[in-house]
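Examining the three-dimensional arrangement
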Amino acid sequence: MPFEAINPPQFPTPIAPYSAAAKAGNTIYVSGVLALGEGGTVLHVGDAAAQTRAVLDTIKTTLEAAGATLADVAFNHIFLKDLADYAAFNTVYAEYFPGPKPARYCIKTDLVKPDCLVEIASIAHLA
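Notes on the structure in this doc start here. All figures in this text were calculated on a predicted structure; none of them were measured in a lab.

1. Here we look at the overall build of the chain
Check the secondary structure of the chain and you find two helices and six strands. Counting from the amino terminus, helix and strand elements in the chain follow one another as β-β-β-α-β-α-β-β. For 127 residues, the compact-globule estimate of 2.2 N^0.38 gives 14 Å, and the chain sits close to it at 14 Å. The principal-axis extents of the C-alpha atoms in the chain amount to approximately 40 × 35 × 20 Å. Across the 127 residues in the chain, those meeting the buried criterion constitute 40%.

Given below as structure tokens:
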């Protein structure tokens, strides 16, 4: 099945060869999102809650460009640099998913940029 690349025009140029999302049928796959600004500058250095908010705002915008919302997210892949940030992450995450919660996993790992604390990739399904 062919897919449609989703790249919202207001986003900075990606730091690698990928699309912000790919839409195949009724499924939207959102690439791993970091709290990055223009030129790959890390936003909110040292603040996991603010980085989580920036990441989820980017995912929300990406989904909207594909005709979906955060309520359509069925699964999140979560990567944290430090599990000490887990509580701050979850506080913000719960604000963005107030209803039924998507399935997810959370892994502690180094991220592509040392100042990045949070990365999320999402899968959403349209009805």
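2. Quick notes on the nonpolar core
Counting 28 residues, the largest nonpolar core has Ile-28, Leu-56, Ile-59, Leu-63 and Ile-120 as the members making the most contacts within it. Where this core is concerned, the elements lending two or more residues are strand 3 (27-33), helix 1 (48-65), strand 4 (73-80), helix 2 (86-96) and strand 6 (118-125). If you tally residues by element for this core, the top one is helix 1, at six residues. Excluding its chain neighbours within four sequence positions, the residues that come into contact with Ile-28 are Ala-21, Ala-22, Lys-23, Leu-63, Ala-66, Ala-68, Ser-122, Ile-123, Ala-124 and Leu-126. The next biggest cluster of nonpolar side chains, apart from the first, holds five residues, and it includes Leu-34, Leu-36, Val-42 and Cys-116.

3. What about the sheet that holds strand 5 (residues 103-108)?
With mixed pairing, six strands are arranged side by side in an open sheet as 1-2-3-6-4-5. A single partner strand is all that each edge strand has here, and the edge strands are strand 1 (4-6) and strand 5. Strand-to-strand twist across the sheet, computed as the mean angle between neighbouring axes with direction ignored, equals 15°. Pairing analysis gives six bridges linking strand 4 to strand 5, with the strands arranged parallel. Across the sheet, residue Leu-80 finds its bridge partner in strand 5, namely Lys-108. Against the sheet, helix 1 makes contact with strand 1, strand 2 (21-24), strand 3, strand 4 and strand 6, and its axis sits at roughly 30° relative to strand 6, the strand it touches most.

4. Notes on a nonpolar patch on the surface
There is a patch of nonpolar side chains on the surface, built from Ile-15, Tyr-18 and Val-112 and spanning about 280 Å² of accessible area. Relative to the elements of secondary structure, Ile-15 occurs in the loop between strand 1 and strand 2.

5. Digging into the environment of Leu-83
As for its position among the elements, Leu-83 is in the loop between strand 4 and helix 2. Accessibility expressed as a relative area gives 46% for Leu-83, which makes it partly exposed. Distance in space between the C-alpha atoms of Leu-83 and Leu-117 is 9.7 Å, their sequence separation being 34 residues.

About the thresholds
Residues numbered from 1 in each chain as written. Predicted model: local features only at pLDDT ≥ 70, side-chain atom pairs only at ≥ 80, totals over all residues. Heavy atoms only, no water. Helix = DSSP H or I, 4+ residues; strand = E, 2+ residues; numbered from the N terminus. Rg over C-alpha atoms; globule rule 2.2 N^0.38 Å. Buried < 20%, exposed > 50% of the residue type's maximum accessible area, 1.4 Å probe, protein only. Core = buried A, V, L, I, M, F, W, Y, C linked by side-chain atoms within 4.5 Å. Contact = heavy atoms within 4.5 Å. Pairing = 2+ DSSP bridges. Axes fitted to C-alpha atoms, helices over the stretch in contact; angles between N-to-C directions. Patch = residues over 30% accessible without salt bridge, like charges linked within 9 Å, V, L, I, M, F, W, Y side chains within 5 Å. Areas by Shrake-Rupley, 256 points an atom, 1.4 Å probe, with all protein chains shown as cover. Salt bridge = Lys/Arg side-chain N within 4 Å of Asp/Glu carboxyl O.

Keep in mind these numbers describe shape, not what the thing actually does.
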